[in-house]
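Understanding the architecture of this molecule
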Amino acid sequence: MNIRPGLLAVLTAGLLFTGIAAPADAGATYTTTLRAAARALPVAAENNVGYDRNRYFGGWLDQDKDCQNTRAEVLVTETKAALSFTTARRCTVATGRWTTTFDNKVHTSASTVQIDHTVPVAETWGSGARNWTQARRVAFYNDTGYAGALNAQTTLLNQQKQAKGPEDWMPPKNQCSYLAQWITVKARWGMTADSREKAALVRLADQCPAKNLTITKY
């Protein structure tokens, strides 16, 4: 079907006016609403056949070759106080001050927090990553390009979450912020949601205050 350029412009403007962004290519940034973004996620059955975290996603990388891997980079970014390190090379963080958003708890020792993938790695595999290139999967695992993708969280709560989605687990605190991060990560990486997850995301988004999301496609 051919669409006249003028009509295409009208349609695009209409989508933006209603809070539903036009499709974005990799690297493009668009703004939408939390509720529209929840509804825009494509639905597909989750397929976890063949999942192997270490084989297909690897681990933390030192992307800028400064000896600090992704875990350390997140801790450096999120600290609210001066850091100390385990060695003079400043590769591994020892202490700082982090407030974990799952529970609003303050931590001063890096050993009491884990770096949480907002969308768990197993969930990612079943939501489309099994068809990605290896390089894209590794990039997802180490995504520091969106601040909500990786965050320091209380170890116990992160272990309770495991690979659960919002349909089965939500943090005790800051639930609407967590939901916004989940939906943003899924949209950023072009992931799908299964029908039960999608229903939960829409229901929860409708219960949250109106919120705009800025999403940069990867």
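A few points on the structure. Going along each chain's sequence as written, the residues are numbered from 1 onward. A pLDDT threshold of at least 70 governs which residues receive local features in this predicted model, and a stricter bar of 80 or more applies before side-chain atom pairs are shown or counted, although totals over entire chains, interfaces and linings include all residues. Only hydrogens and water are removed before side-chain values are computed, so all heavy atoms of the structure are retained for them.

1. Focus: the overall build of the chain
Test applied: Put simply, DSSP marks the helices as runs of H or I at least four residues long and the strands as runs of E at least two long, and each gets a number from the N terminus on. Between buried and exposed lies partly exposed: a residue is buried under 20% and exposed over 50% of the maximum accessible area for its type, with that area taken using a 1.4 Å probe on protein chains only. Note on contacts: a residue pair is in contact if any heavy atoms of the two residues lie within 4.5 Å. Areas reported as accessible are Shrake-Rupley estimates using a 1.4 Å probe. Residue values count occlusion only from the protein chains shown.
Each helix and strand in the chain was counted, giving nine helices and seven strands. For the chain, the proportion of its 218 residues judged to be buried stands at 44%. Pairs at least 24 residues apart make up 68% of the contacts formed inside the chain by residues separated by at least 6 positions. Per element, the accessible surface of the chain, about 11300 Å² overall, is 54% carbon and sulfur.

2. Side note on the pattern of salt bridges
Here is the rule we go by: We define a salt bridge as a contact between a side-chain nitrogen of Lys or Arg and a carboxyl oxygen of Asp or Glu at a distance within 4 Å.
Counted under the stated rule, the structure contains six salt bridges. For D206, the salt bridge is made with R39, and the minimal N-O distance between the two is 2.7 Å. Taken together, the residues span a long stretch of sequence, with D206 in helix α9 (residues 195-207) and R39 in helix α2 (residues 34-40) at a distance of 167 residues. The exposure class assigned to R39 is partly exposed, which follows from its relative accessible area of 42%. The partner of E197 in a salt bridge is K186, and the shortest N-O contact between them spans 3.0 Å. Pair noted here: E197 is in helix α9 and K186 is in helix α8 (residues 175-188), with a separation of eleven residues, a long-range link. In this structure, E197 and K186 share a single accessibility class: buried. Through salt bridges with shared partners, a single network forms among E123, K186 and E197.

3. Quick word on the packing of aromatic side chains
This is how the line gets drawn: Working definition: a ring pair exists when centres of Phe, Tyr or Trp rings (six-membered ring for Trp) sit within 6.5 Å. Plane angles under 30 degrees give stacked, over 60 give edge-to-face, the rest tilted.
Tallied over the full model, the rule gives 14 aromatic pairs. Centroid distance F57 to F140: 6.4 Å. Interplanar angle 70°. Geometry classified as edge-to-face. Of this pair, F57 sits in helix α3 (residues 53-57) while F140 sits in helix α6 (residues 134-141); the two residues are 83 residues apart in sequence, bridging distant segments of the chain. Residue F57 shares its accessibility class with F140, and that shared class is buried.

4. Remarks on the state of the cysteines
As used in these notes, a disulfide is a covalent bond between sulfur atoms, one from each of two cysteines. How we decide: The term disulfide is used for any two cysteine sulfur atoms that are within 2.5 Å.
Throughout the structure, instances matching the rule amount to two disulfides. Residue C67 pairs covalently with C91 via a disulfide, S to S 2.1 Å. Disulfide C67-C91: torsion about the S-S bond near -110°, hence left-handed. Taken together, the positions of C67 in the loop between α3 and α4 (70-78) and C91 in the loop between β2 (84-85) and β3 (93-100) put the pair 24 residues apart, joining distant regions of the chain. Note on C91: relative accessible area 14%, which makes it buried. Cysteine pairing for the chain, with bonded cysteines counted in sequence order: 1-2, 3-4.

5. Here we look at the pairing of β3
Rules: Two strands form a pair only when DSSP identifies at least two bridges running between them.
Bridge count for β2 against β3 is two bridges, and the pairing is antiparallel. Paired with F85 across the two strands is V93, which belongs to β3. Bridge count between β3 and strand β4 (residues 105-109): four bridges; the pairing is antiparallel. Bridge pairing links T95 to S109 in β4. Between β3 and β4, which pair antiparallel and follow one another directly, the connecting turn spans four residues, one of which, N104, has a positive phi of 60°.

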